[in-house]
Amino acid sequence: MDFALTPEQEMLRKSVREFAEAEIKPKVQNMDETGKVPMDILEKMAKLGFMGVMVPREYGGLGMGHIARTIMLEEIGRVSAAMANTLQITHLGISPIVTDGTEEQKKKWLPLLARGEKLSTFAVTESTGGSDVMGIQTTAKLQGDEYVISGRKCFITNSHLAGVLGIVAKTGEGTKGLTAFVVQSDFPGFRPGREENKFGLRGCNTGELVLENCKVPKENVIGKEGDGLRIALSAISNVGRPGITCAALGIVRSCLEEAVRYSKQRVLYGKPISELQGVQWNLTDIYMDYEASRLLTYYSAWLRDKGERCDAENAMAKFWAAEAAVRCAKKTIDVFGAYGCMRELAPQRLLRDAELLIAGAGTSDIMRLVMARKALTLA
Amino acid sequence: MSPVKSIVCVKPVPDPRHWSELALDPVTKTLRREGIPSVLNPLDKHALEEALRIKERFGGIVTAISMAPLTATDSLREAIAIGADDAVLLSDRSFAGADTLATSYALAAAIKKLGEFDLILCGNQSLDGGTGQVGPEIAEFLGVPHVTYARKIQILERGIVRVERALEYGYMVIEGRMPLVLSVVKEINVPRYVSLMRISEAMQAEVRVWTSRDLDIDSSRIGLSGSPTQVADLFLPVMERRGEMLSGAPDTASKLLVQRLRELGVL
């Protein structure tokens, strides 16, 4: 069992870290205060190939796998969970085309998505159901050569940025009653709706999508009519959920570094507080949470790279990393004391960012349901 | 305009973010670099960027070269991932302990072996050595002109290069004919990041490793024995403030002050 990164993976990690520290870090405070998405950073990431990390090379992507994506997202998440989530959702939007697209669809969409010319997202959640996917009410009716789609999606990341979106809508009843479509933001009848004002992951755009008799060519169906539930659950389990996991892992890493660095500088009772055992217990708890989260995250990525179905492992990594992020952010605030509550310093932002990750891509409660299905087969 | 063949000299240096972990070995008078990660010398990245921009405009080839321990293969692969076409590493125990003269001698020999070139680009100085000598010394060994502190480079017709050379206040414009050596300063450009698209390629690229036996050199002129300058001492200077109170009426005290300043060699 070799736990080491390959030299190629190590170069990837180092390069992304360098980019994140030089380009993203200076903008983090402004993103948090204004909630605005720094489009210039997205453009730079696009030019470097970040959006196309898992798009096959023949379609203009990097052709890398899940471990490479994990490294990329962890390094970005370490600096900004908001930016990591923005990026990872573009991967989520792209993935159904890679897994279920026809050759024509792949040739049409993948090169421009891999280059980040257009950003992407995947919209399932509605006010009537997110955890309950079958509760969605957006309809798609076939009329001649087009589907007419009407409904509203909510809590969609990149709602106002995406040019090419995956939308899941009802074409029938029951588990074969959902269909996934590629919708372009310039289709008549499509528009972004309200933009949410979140208390965390600020600088990552989250909002509504409104479809009012939006006409979508039938060539834009991903897979076949009725494949929507399978496509959605698979994309979320293998791409969207792990993306949140990596953002959370980045937060835990950041907590560790912030807490250790601060405790070595802060002098009380004549010595750095890092020498106080009580503070050390906080640091070691964060350290353990980091290593445990990291192992679960990379293990599930390894399984996905092997092509194995691993919904339980994906869920476990997400549950653990997101809950750890909240836990460790609170402990980091505790190490900082009152300073931890000040908006200029990182810890309070880490806690606010982490909390958003609990609900994203499947709440912790839903993760337990997914894990239970596997747990029940273990004896 | 014909394609430009550039050679970029690069050097791995200890990562400045880890400088607090560097230890001075009091016996050998060197820095203990083990365990400290290396980065490409920042100004070398500017040199590489300039070479790549010239290649994008005129075509040609960019070769990265370094004289360093074998671990520098990683830095050279990074140069390829940034955009260099290929890389050469001079690595051999006999190169060790070289000062700038011995280093430049070896690099110049390697460059001669690479064949004809139009431009050699270097960072003006390294983060760890900071001498700024290697670029000009390479030029002298190769018998070509050099310009240092280059803050802007333009390639004109008929192989003429126009360089803006930074001074303390302002700059001077120098024109020279290729082949020549240019040492660049950070104002020249904003270096690009490693292209993730090139990482696989860079990891699989062949980095040619040459030892002293692969070069046409006089072995007494490389390494420690080829170094006319030796490090006499390496220490952390202690900064102290000393205060002296001078008393008396203003005209007496001011005469005393001038006298003290003269004694201290300030005036």
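Here we come to the overall build of chain B. For chain B, the count of helices and strands is six helices and 13 strands. Across its three principal axes, chain B shows a C-alpha extent of roughly 75 × 45 × 40 Å. Considering chain B as a whole, with its 267 residues, one finds that 38% of them fall into the buried category. A separation threshold of at least 6 residues defines the contact pool for chain B, and within that pool the share at least 24 residues apart is 71%.

Okay, the overall build of chain A next. Each helix and strand in chain A was counted, giving eleven helices and ten strands. Against the globule reference of 21 Å for 379 residues, chain A gives a C-alpha radius of gyration of 21 Å, in line with a compact fold. Seen through its principal axes, chain A has C-alpha atoms that stretch 80 × 50 × 40 Å. Taken over 379 residues, chain A has a buried fraction of 52%. Intrachain contacts of chain A at a sequence separation of at least 6 include 74% that bridge at least 24 residues.

Attention shifts here to the domain arrangement of chain A. All names here are of chain A. Split into domains, chain A comes out as domain 1 (7-118), domain 2 (120-225) and domain 3 (230-375). On a C-alpha basis, the centres of domain 2 and domain 3 stand 30 Å from each other. For the side of domain 2 that touches domain 3, the class distribution of residues is eight nonpolar, three polar and one charged.

Turning next to the pairing of strand β7 (residues 206-217) of chain A. As defined by bridge partners, strand β3 (residues 146-157) of chain A adjoins β7 of chain A across nine bridges and the pair is classed as antiparallel. Looking at the pairing, G151 of chain A lines up with L211 of chain A of β7 of chain A.

As a further point, take the nonpolar core. Counting 186 residues, the largest nonpolar core has F181, A248, V252 and A325 of chain A together with V8 and A106 of chain B as the members making the most contacts within it. In this view, V252 of chain A contacts D289, Y290, S293, A321, A324, A325 and C328 of chain A; residues no more than four positions away in its chain are not counted.

What follows deals with the sheet that holds strand β12 (residues 180-184) of chain B. Residue and element names in this part refer to chain B. The strand order β11-β10-β9-β12-β8-β1-β6-β7-β13 describes an open sheet built from nine strands, whose pairing is mixed. Looking at the sheet topology across the chains shown, the edges are occupied by β11 (171-177) and β13 (207-210). Taken over all neighbouring pairs, the strand axes of this sheet differ in orientation by 35° on average, direction set aside. Along the sheet, helix α2 (residues 73-82) makes contact with β6 (60-67), β7 (86-90) and β13, crossing β7 at roughly 160°.

Accessible area lost during the coming together of the parts is what is often quoted as the interface size. Facing the eleven residues of chain A at the interface are eleven residues of chain B. By residue number, the principal contributor to the side of chain A that touches chain B is helix α1 (residues 7-24) of chain A, which donates seven residues. Residues of the side of chain A that touches chain B, tallied by class, amount to seven nonpolar, two polar and two charged.

Once that is clear, we can look at unusual backbone geometry. For the bond from M178 of chain B to P179 of chain B, the omega torsion is 5°, close enough to zero to count as cis. For P179 of chain B, the location among the structural elements is in the loop between β11 and β12. Despite not being glycine, L201 of chain A shows a phi value in the positive range, around 50°. Classification of L201 of chain A by C-beta neighbours within 10 Å gives buried; the count is 28. Although it is not a glycine, N213 of chain A sits at a positive phi angle of roughly 50°. By C-beta crowding, N213 of chain A is classed as exposed, having 12 other C-beta atoms within 10 Å.

With that out of the way, let us pick up the packing of helix α4 (residues 66-79) of chain A against helix α5 (residues 81-100) of chain A. Residue and element names in this part refer to chain A. For the pair α4 and α5, the least separation of the axes is 7 Å and the interaxial angle reads 150°. With respect to α5, the axis of α4 lies roughly antiparallel. Within the contact between the two elements, α4 uses R69, L73, I76 and G77 and α5 uses A81, M83, A84, L87, Q88 and H91. A per-class count over the contact of α4 with α5 returns six nonpolar, three polar and one charged.

In this section: the pairing of β12 of chain B. Residue and element names in this part refer to chain B. For β12, the buried fraction is high: five of the five residues fall into the buried class. Because side chains alternate across β12, one face comprises the buried residues L180, L182 and V184, and the other comprises V181 and S183, equally buried. Bridge analysis of strand β8 (residues 119-123) against β12 gives five bridges, and the strand direction is parallel. Its bridge partner lying in β12, L119 is registered against L180. Note that strand β9 (residues 146-155) and β12 share three bridges and pair parallel. What sits directly across from V147, in β12, is L182.

In a packed pair of helices, the relevant descriptors are the angle between the two axes and the axis-to-axis distance. All names here are of chain A. Direction vectors running N to C along helix α9 (residues 311-336) and helix α10 (residues 346-359) enclose 165°, while the axes themselves pass 8 Å from each other. Classified by the interaxial angle, the pair formed by α9 and α10 is roughly antiparallel. Note that α9 runs across α10; the crossing there is left-handed. Note on element contacts: α10 touches α9 through P347, Q348, L350, L351, A354, E355, L357 and I358, opposite A322, E323, A325, V326, A329, K330, T332, I333 and F336. Across the contact of α9 with α10, the residue classes break down as twelve nonpolar, two polar and three charged.

Looking now at helix α1 (residues 42-58) of chain B. All names here are of chain B. The end-to-end C-alpha distance of α1, which contains 17 residues, comes to 25 Å, matching closely the 24 Å that a straight helix rising 1.5 Å per residue would cover. Listed as buried for α1 are L43, D44, K45, H46, A47, L48, E49, E50, A51, L52 and I54. Backbone geometry just downstream of α1 places G59 in the positive-phi region, at approximately 80°.

Looking now at the environment of A84 of chain B. You can see A84 of chain B is positioned in the loop between α2 and β7. Spatially, the C-alpha atom of A84 of chain B lies 7.3 Å from that of L52 of chain B, the residues being 32 residues apart in sequence.

When pLDDT is averaged along chain B, the result is 93; 100% of the residues meet or exceed 70. This prediction of the complex comes with two scores: 0.90 for pTM and 0.84 for ipTM.

What follows covers the environment of V124 of chain A. Residues and elements named next belong to chain A. One can find V124 in the loop between β1 (119-123) and β2 (139-143). Sequence spacing of V124 and S80 is 44 residues, and the spatial spacing of their C-alpha atoms is 25 Å. Not counting residues up to four positions away in its chain, the partners in contact with V124 are V133, I136, V168 and A232.

Residues and elements named next belong to chain A. Secondary-structure assignment places A317 in helix α9. Spatially, the C-alpha atoms of A317 and I89 are 18 Å apart, while their sequence positions differ by 228 residues. If we ignore the near neighbours within four places in the chain, the residues touching A317 are P242, T245, L296, T297 and S300.

Scoring rules and cut-offs
- Residues numbered from 1 in each chain as written.
- Chains lettered and ligands numbered in written order.
- Predicted model: local features only at pLDDT ≥ 70, side-chain atom pairs only at ≥ 80, totals over all residues.
- Helix = DSSP H or I, 4+ residues; strand = E, 2+ residues; numbered from the N terminus.
- Buried ≥ 20, exposed ≤ 12 C-beta atoms within 10 Å, placed from the backbone.
- Contact = placed C-beta atoms within 7 Å.
- Rg over C-alpha atoms; globule rule 2.2 N^0.38 Å.
- Domains from an automatic or database assignment.
- Nonpolar A, V, L, I, M, F, W, Y, C, P; charged D, E, K, R; others polar.
- Pairing = 2+ DSSP bridges.
- Core = buried A, V, L, I, M, F, W, Y, C linked by C-beta atoms within 7 Å.
- Axes fitted to C-alpha atoms, helices over the stretch in contact; angles between N-to-C directions.
- Parallel < 35°, antiparallel > 145°, perpendicular 65-115°, else oblique.
- Left-handed = near helix turned anticlockwise from the far one by under 90°.
- Expected span 1.5 Å × (residues − 1).
- pLDDT = per-residue confidence, 0-100.

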